[in-house]
Amino acid sequence: MGWAVAVAVLLSASPTFVTRGDVTPEADLRREAQAAWTSLEAQYAAQAGGLPTRAPATVTLQRGTSLSPERNAQGRPGVVELRQNTPGVLDARTRTALRHELAHQLLWWACPASSEDRLFHEAFALTVSGELPAWRDGPYQSLSRAAKEVASAPAVDTPRARRGLARILGEHTGFPAALTRRLRQCHDGARWATPLTVEELADVAVLAPEAATVVVSRHSGEVLFSEGDVRRAVPYGSTLKPFLYAAGTALASNADAPPLLAPRRGVQEWACGAGLPPKVDARLALLRSCNGWFLDWEATGLAPKAFGVWGPVLSAVGLTGLPSDMTEAIGLRSAHGLSPWGMAQAYRLLAEARPDVLALLTGNVDEGTLSGLSTSKALKGVATKTGTVRDAASRPQFGWIAAVDADLVAVIVRPGKMPRHFVDELPALLTRVRRQAGLDAARVQVLGLLPSATVEARCSGAGFSLDDGTPRAAPPDFSRLDALTAKGPAVCLGSPWRVRFPDGPDGGRDYAGVFTWSTPPPYRPPPGVPTTPSALKARRGSDFVFRTTRVQYAAGVVAAEDVTLKGEARVALARVAAHNERHADTRHSGRALCDTTHCQAFRGTVRIRPEETRALQLPPLKWDAWLTFSQGGDTPWREARTRSEVEALLGTNLVSLRFESGRVRYLRTEGTPAAPYEDARSLPCDTLRAGLKLPSCPQRASFDGPQVLFEGQGRGHGEGLDVEAAKASPGLSSDALLERAYRARPPTP
């Protein structure tokens, strides 16, 4: 029958439906699609509060040629594939499948931020397509059993998973409140930081308790260790009390600072250890986890509501709902949940924003909920917070421990245990993770050759700027990095920063870590040393300082210097890069290294390769100095520069140029025409190489009229580790390569 097209007329927001003649009758199919879209659109608008202003794309309706036996339809953006058992008949199954797939098409148009959230997509499609009653038919299924079926098939693409999802959706009457919240979030343009969870959908914790452990880097934010379902939201107990403390002390004046409160004897919530003083302050209440103090704080009317300025942070990392009162905030009532992953992300930001709160929490092993244990000494200096979730009979359902040290954030959740009964796992966990070498912090000045106002950054997770310890949500789209860092660090939770600038790579670069603004001191070049404008910028440094892990930094340097390196040569260069990060003073006194060739190139974080991991596991290098390296090689080159370019660096009236021992030696005619004389001078050869942008330090130079011809071989300044030579030495270990590079002429700062 060929192609046929029907243009919707009922709503201006309706798509054009295109049929191909392989599902018939075509006109009825298009009318069915139009009617279904109109109904779906109305339901979406009622819950979300409106529709997008842009028009939806064309949707093609066609016969599915690769549908699995249990599926009647499937789709992708712009295409719906249908099963038609009897040609010319649009039976009830086909119509229902069409409505289900059009619900997905509507979300791809109206709520693109949710595209990767399969549970949200399926829950919406089941709710609005009219098929829920059919899925609910059958034997009774408990809520926990239904949740397990959904959890076992996260794509929700099996009949058992959809039947379980239908059971969860039927837990409450009317349109599911969780879907309404998410739809309004999408219509408001908010970021989709965390996927929908079964607990959020059911508005209760429905899965049986399971152990979970996660460790993330304070610096890069990457997950370093994960065990169990760390994305599952569960009741959080007392673990969020530090965020109440942070919110209550961030904006506090002398009049409304957290008060000194007298314990109330005989009140269970004040049973938080023996020897309480007559007046309890916020610090002791936090360490002892005194529920009574927090409840009485609320009674004063001065306590923050819904976690105050930290409420948006906790919501962004997956808190299923903000507390309505203090009993929910401190976990006495388990109305909401947070995943271990979300907890770790929140503590990472708290550690960056409020080091004073983290310092307070280091006292937990001395006088708080983890004091007096055999493990307490092993956790000296580690900030910890515990939480216990109890049932109606006061039996522990979940125990939580959140821990933060100089480099790591760890969260442990154990079912049926109190934190004091499993805290001995924490030191072993931190030791285990630290076997991944190079997790300590590395700092680098970045993007210094660019005007700071031209650099933009975006966080696809949950981005925050810190304003004197107060988190402010970063815009969801690209925004100026200088604005993000104007009042404090900029932290991206759940993903790297994406950084772009004019004439940079399409799509930008990834930077997994923390940005801060730090203006370097003015740079004054040494007297008599010619310096190009670009070199002046490099030697000045940058206003942006970036912090990540040392292994991430080393991997980024290797990728920027020579992405093709493999094996022991890559290990050797990674060891040098990590070593040099510890010798920043030789390049920028009192500041981090830069990311240009003045120091060593760095163009953002990349995927770590096994060679970088191995490099950081090896012993530190023995040289206590900056170690030079260059691309090296023996490929000959010949390039010309104008005499004026050369004399702009070395001065006018050049007579001769020669190169030896890493220096350029030259003669200039000085004096007067009546009494001329030749003045001999020298400079580091790399000054000439960098200023004239030559591949390497030349071996020869000759004058050819208005030009100077330079000849040489290889690339770089030719000192230290020769990367090309290392590549050509596959039988040597990194130790041997480094010994060969630095033994003959010990490196100097």
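Residues numbered from 1 in each chain as written. Predicted model: local features only at pLDDT ≥ 70, side-chain atom pairs only at ≥ 80, totals over all residues. Heavy atoms only, no water.

Draft legend 1. Fine view of the overall build of the protein chain. Along the protein chain, the regular secondary structure elements total 26 helices and 29 strands. Taken along its principal axes, the extent of the C-alpha atoms in the protein chain is 110 × 90 × 55 Å. Out of the 749 residues belonging to the protein chain, those deemed buried represent 52%. Of the contacts formed within the protein chain by residues at least 6 apart in sequence, a portion of 65% connects residues at least 24 apart. For the protein chain, the exposed surface amounts to about 32,900 Å²; the carbon and sulfur share of it is 51%. Charge centroids of the protein chain, computed over 88 positive and 76 negative side chains, lie 2 Å from each other. (Helix = DSSP H or I, 4+ residues; strand = E, 2+ residues; numbered from the N terminus. Buried < 20%, exposed > 50% of the residue type's maximum accessible area, 1.4 Å probe, protein only. Contact = heavy atoms within 4.5 Å. Areas by Shrake-Rupley, 256 points an atom, 1.4 Å probe, with all protein chains shown as cover. Lys, Arg positive; Asp, Glu negative; His and termini not counted. Charge placed at Lys NZ, Arg CZ, Asp CG, Glu CD.)

Draft legend 2. Looking closely at the state of the cysteines. Applying the stated criterion to the full structure yields 5 disulfides. The residue that forms a disulfide with C594 is C599, at a sulfur-sulfur distance of 2.5 Å. One disulfide, between C594 and C599, carries an S-S torsion of 110° and so falls in the right-handed class. Pair check on accessibility: C594 and C599 agree, each one buried. Two residues, C685 and C697, share a disulfide whose sulfurs are 1.6 Å apart. Disulfide C685-C697: the torsion about the S-S bond is 105°, which places it as right-handed. One end of the pair, C685, is in helix α24 (residues 685–692); the other, C697, is in the loop between α24 and β27 (700–704), and 12 residues separate them in sequence. Here C697 falls in the buried class, since its relative accessible area comes to 17%. Cysteine pairing for the protein chain, with bonded cysteines counted in sequence order: 1-2, 3-4, 5-6, 7-8, 9-10. (Disulfide = S-S within 2.5 Å.)

Draft legend 3. How the structure looks around the packing of helix α20 (residues 550–561) against helix α21 (residues 567–581). Packing of α20 against α21 leaves a shortest axis separation of 9 Å and a crossing angle of 120°. In this view, α20 runs oblique relative to α21, as classed from their interaxial angle. Here the hand of the crossing between α20 and α21 comes out right-handed. The segment α20 lies against α21, with R550, Y553, A554, V557, V558, A559 and E561 engaging R570, L573, A574, A577, A578 and E581. Looking at the contact of α20 with α21 residue by residue, the class counts come to 9 nonpolar, no polar and 4 charged. (Axes fitted to C-alpha atoms, helices over the stretch in contact; angles between N-to-C directions. Parallel < 35°, antiparallel > 145°, perpendicular 65-115°, else oblique. Left-handed = near helix turned anticlockwise from the far one by under 90°. Nonpolar A, V, L, I, M, F, W, Y, C, P; charged D, E, K, R; others polar.)

Draft legend 4. Broad picture of the layout of surface pockets. The calculated volume of the second largest pocket comes to roughly 800 Å³. S238, S289, N291, T388 and R390 are, among the 28 residues lining the second largest pocket, the residues nearest its centre. Here the lining of the second largest pocket gets 4 residues from one element, more than from any other, and that element is strand β8 (residues 383–390). Grouping the amino acids of the lining of the second largest pocket by side-chain chemistry returns 7 nonpolar, 15 polar and 6 charged. (1 Å grid on protein atoms, 1.4 Å probe; cavity = no way out; pocket = protein on both sides within 12 Å on 5 of 7 lines; lining within 4 Å. Points joined across faces, edges and corners; volume = space filled by probe spheres on them.)

Draft legend 5. How the structure looks around the pattern of salt bridges. Applying the stated rule across the entire model yields 41 salt bridges. Among the salt bridges present, the one from R547 reaches E352, with a minimum N-O distance of 2.8 Å. Here the residue R547 occupies a position in strand β20 (residues 544–549), and E352 occupies one in helix α14 (residues 340–353), the gap between them amounting to 195 residues. Where D679 meets R681, a salt bridge forms, and the shortest distance between an N and an O atom there is 2.7 Å. What makes D679 partly exposed here is its relative accessible area of 22%. When salt bridges with common partners are traced through the structure, they connect D440, R550, E581 and R582 into a single cluster. (Salt bridge = Lys/Arg side-chain N within 4 Å of Asp/Glu carboxyl O.)

Draft legend 6. Just the pairing of strand β19 (residues 514–517), in detail. Looking at chain direction, strand β16 (residues 490–493) and β19 are connected through 2 bridges and run antiparallel. In the sheet register, A490 faces β19, and the bridge partner there is F515. When β19 meets β20, the two strands line up antiparallel, connected through 4 bridges. Each residue of the ladder has a partner; that of W517, found in β20, is F544. (Pairing = 2+ DSSP bridges.)

Draft legend 7. A look at the environment of Q445. Take Q445: it is sitting in strand β11 (residues 441–446). Sequence-distant contacts of Q445, that is, excluding residues within four places in its chain, are made with P520, R540, G541, S542, F544, V545, H588, R591, A592, L593, C594 and D595. Polar contacts involving the side chain of Q445 include one to the main-chain amide nitrogen of S542, which spans 2.9 Å. A distance of 3.0 Å separates polar atoms of two side chains, one belonging to Q445 and the other to R591. (Polar contact = N/O pair within 3.5 Å; in protein donor to acceptor, adjacent residues only side chain to side chain.)

Draft legend 8. Region of the structure containing the pairing of strand β17 (residues 497–500). Here β17 shows one buried face, formed by W497 and V499, and one open face, formed by R498 and R500. Relative to β17, strand β12 (residues 456–459) runs antiparallel, the two being bridged by 4 bridges. Paired with E456 across the bridge in β17 is R500.

Draft legend 9. Structural detail: the nonpolar core. By size, the foremost hydrophobic cluster in this structure holds 66 residues, and its most contacted members are W293, F307 and W310. Element by element, the count of residues in this core is highest for α14, at 9 residues. In this structure, F307 is in contact with Y236, L240, F243, L244, A247, L314, L319, P323 and A329, ignoring residues within four places of it in sequence. If you look at the next biggest cluster of nonpolar residues, it comprises 53 residues, including V446, L481, L621 and L721. (Core = buried A, V, L, I, M, F, W, Y, C linked by side-chain atoms within 4.5 Å.)

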